[in-house]
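# Overview (structure and organization)
For reference, the chains in residue letters:
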Amino acid sequence: MARALDLADIQGNILRAYGRQGFPKARYVFLHIKNAKDGRDFVDRIRPSITTAVKWDESRAHYPEGGGVTVSRPKVTINIAFTFYGLYALGLPTTTLRQLPSEFIEGMGLRAAILGDRGPDPDALWKWDPIWEDPQGDRRVHALLAFNASMNPDGTPVEDLERATQWLRDQCAAVNDGVVILKGHGRDGDLEYQDATAIMREGANGPVPTSKEPFGFTDGFGDPVFDGQYDAVMEPIRAIGGGAITPQRTWRALATGEFLLGYPDEAQELSSAGRPFDLTRNGTFMAYRKLGQDVSAFRDAMTRYAESYAKVMGVPVDEAEETVRAKIAGRWSDGVPLMAAPTYAEWQAFQEKVKERGTRKAKVALSEEAGGRQQQDDPLAKSLVDFMFGDDPDGVRCPLGAHLRRANPRDMLDPTYKPGDKGSSNGSVLNNRRRILRRGLPYVDPNGDEGIVFLAICSSLFRQFEFVQQQWMNYGLDFNVASDTCPLIGNHGEDAKFVIAGDPKTGQPPFFADKLPQFVEMRGGEYFFIPSMTALRLIAMGVVDPT
């Protein structure tokens, strides 16, 4: 039976990936709190407008109904989060503040070396947006107001987004400008907020949002599923590919405490972040990261590797390019994983199956809407997420260093499993405590800079987000690829490379993609705490009592 969560106490962006649920537009506004009293008044004023996880009356996503209570689906969602210095500015007691996690207290900027955010020069950051450069004094970010909006038929955000933005300006003015909006987004720093939008494709009746990211891959698969996130009917279905792998090599939902504070985690310990317990229960932490993507460099590199791969393997250049891209990502450009279709011919056959089926369910399997995980009862759609790496120990099907294997190794790191011997499996036990909920959308700034606003949500920034970023994205020994980093988002020095394993059975030789350019650069970010509705009330009233 699925765990019953207090949905009215949990902010909605924790349980919902808004971008995949009809909100393809986003706006991130950052705030500075000048004094504690005005800051608390501001929190009290906006608190009734925060979007919670209560089920919408028209939702088909099988979220828990919370005792049958539903609310109308909004056109714009509103959520709030605070940095450590934001909580300090709001006047929280010292006893409470010093019990918060050290990585949250230090903030993302001070941990740039750990995260690999400094680029090729160890003494300098990449070109961060001005809002994140030396954020001291009245330039320090204290809070984030995140808006997610639906869109008009022409692809523009609904007018409610501008109204919500003006509403926020009015709330700041109503507390004597004791809370101010910080500008500084984009390379020149002139933008008042950071906008993001899903990449569109042309449909029969106008623009249609997709799950594509700037490099051209379909994204949004395999987000973690935890106990209580869905109702009892849908949870075991959603857990396939998104949950934990059991020793019996089946799937189950992950422990709630990995993503929400105040619940048992995978170690059967109560996840918490200090006293009072009610301040952190039903809340969680989030890493906000603006990641710039060099699309031109990526395309040029893929063209170069394709020409070489085509000569070595004796295949057409277009097949070579699709193959190299898939081997780097771990999925084909439409989202089909290499574990389901490891070769170009098998990928083409998969697409043919979709065409032959001709049903809506089959089409969902290759749609650009996150792979249609709601259709996991369909074999084609299910194959997009229902796979393991334990039976591919040498990376012949999916390279050991591919982005997909690094982001979620599944059972790959099981030290006891012997391929074909289910009795030797420990499942994904070494991976279960490293999962993160992924949120966010692509962005394109006015100057043409593009990338993704990436939001990582988890109970422990250190154990989950930072571990994955440092140990798996920017290190290779865990995957037996020496010092090679992630070919997509890792730091690439002059000698960076990526290896596509050879296949002893067919005699296909290995392929080396040498001199990987830097494809992704950090543009700035910070660590935030997403409080529960109870915590917002305690903060607004100024009654946070650690005793």
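Coordinates for the structure precede this section.
So, here is what we can say about the structure in this document. (Residues numbered from 1 in each chain as written. Predicted model: local features only at pLDDT ≥ 70, side-chain atom pairs only at ≥ 80, totals over all residues. Heavy atoms only, no water.)

## Description of the packing of aromatic side chains
This structure, assessed with the given rule, holds 25 aromatic pairs. With a centroid separation of 5.0 Å and 80° between ring planes, the pair formed by F30 and W132 is classed as edge-to-face. A residue pair is termed long-range when its members are at least 10 positions apart, and F30 in strand β1 (residues 25-33) and W132 in the loop between α6 (112-115) and β3 (143-149) qualify at 102 residues. Of the residues examined, F30 reaches a relative accessible area of 0% and is grouped as buried. Pairing Y344 with W347 gives two aromatic rings, centres 5.8 Å apart and planes at 70°, and the pair type is edge-to-face. In this pair, Y344 and W347 are both assigned in helix α12 (residues 344-357), three residues apart and thus about one turn of the helix distant. Accessibility classification places Y344 together with W347 in one group, the buried group. Linked through ring pairs, Y28, F30, W132, Y288 and F528 together constitute an aromatic cluster. For R434, the ring lying beneath its charged end belongs to F467, and the centroid distance is 3.7 Å. (Phe/Tyr/Trp six-rings, centres within 6.5 Å; stacked < 30°, edge-to-face > 60°. Helix = DSSP H or I, 4+ residues; strand = E, 2+ residues; numbered from the N terminus. Buried < 20%, exposed > 50% of the residue type's maximum accessible area, 1.4 Å probe, protein only. Lys NZ or Arg CZ within 6 Å of the ring centre and 35° of its normal.)

## Some thoughts on empty space enclosed by the protein
For the structure on display, the rule yields one cavity of 30 Å³ or more. By volume, the largest cavity is sized at about 30 Å³. In this structure, the largest cavity is lined by G241, G243, W251, N408, R410, S428, N431 and R435. Of the residues that constitute the lining of the largest cavity, the class distribution is one nonpolar, five polar and two charged. (1 Å grid on protein atoms, 1.4 Å probe; cavity = no way out; pocket = protein on both sides within 12 Å on 5 of 7 lines; lining within 4 Å. Points joined across faces, edges and corners; volume = space filled by probe spheres on them. Nonpolar A, V, L, I, M, F, W, Y, C, P; charged D, E, K, R; others polar.)

## Considering the packing of helix α2 (residues 36-46) against helix α17 (residues 533-541)
Direction vectors running N to C along α2 and α17 enclose 140°, while the axes themselves pass 8 Å from each other. With respect to α17, the axis of α2 lies oblique. Here α2 and α17 pass one another in a crossing that is left-handed. Here R40, V43 and D44 of α2 lie close against α17, whose contacting residues are L536, I539 and A540. Its residues assigned to classes, the contact of α2 with α17 shows four nonpolar, no polar and two charged. (Axes fitted to C-alpha atoms, helices over the stretch in contact; angles between N-to-C directions. Parallel < 35°, antiparallel > 145°, perpendicular 65-115°, else oblique. Left-handed = near helix turned anticlockwise from the far one by under 90°. Contact = heavy atoms within 4.5 Å.)

## Let's talk about the nonpolar core
Counting 146 residues, the largest nonpolar core has Y28, L31, F147, L168 and F465 as its most contacted members. With near-sequence residues (within four places) excluded, Y28 lies in contact with L144, L145, A146, H185, Y193, Q194, A196, Y288, G440, L441, V453 and L455. (Core = buried A, V, L, I, M, F, W, Y, C linked by side-chain atoms within 4.5 Å.)

## Concerning helix α11 (residues 317-329)
With 13 residues, α11 extends 18 Å between its outermost C-alpha atoms, agreeing within 8% with the 18 Å of an ideal straight helix rising 1.5 Å per residue. A320, T323, V324, R325, A326, K327, I328 and A329 are the residues of α11 that are buried. Buried residues belonging to α11 abut α10 (295-313), α12, α15 (403-407) and β13 (497-500). Once α11 ends, the next one or two residues include G330, with phi positive near 95°. (Expected span 1.5 Å × (residues − 1).)

## Section: unusual backbone geometry
Here the bond from R275 into P276 is cis, since omega is -5°, no more than 30 degrees from zero. A positive phi angle, near 60°, is found at Q268, a position not held by glycine. Relative to the helices and strands, Q268 resides in the loop between β9 (251-252) and α9 (277-280). Given the relative accessible area of 65%, Q268 is considered exposed.

## Topic: the layout of surface pockets
Roughly 490 Å³ of volume is contained in the second largest pocket. Every element with two or more residues in the lining of the second largest pocket is listed here: α10, α11 and α12. Taken together, the residues that form the lining of the second largest pocket break down as twelve nonpolar, five polar and nine charged.

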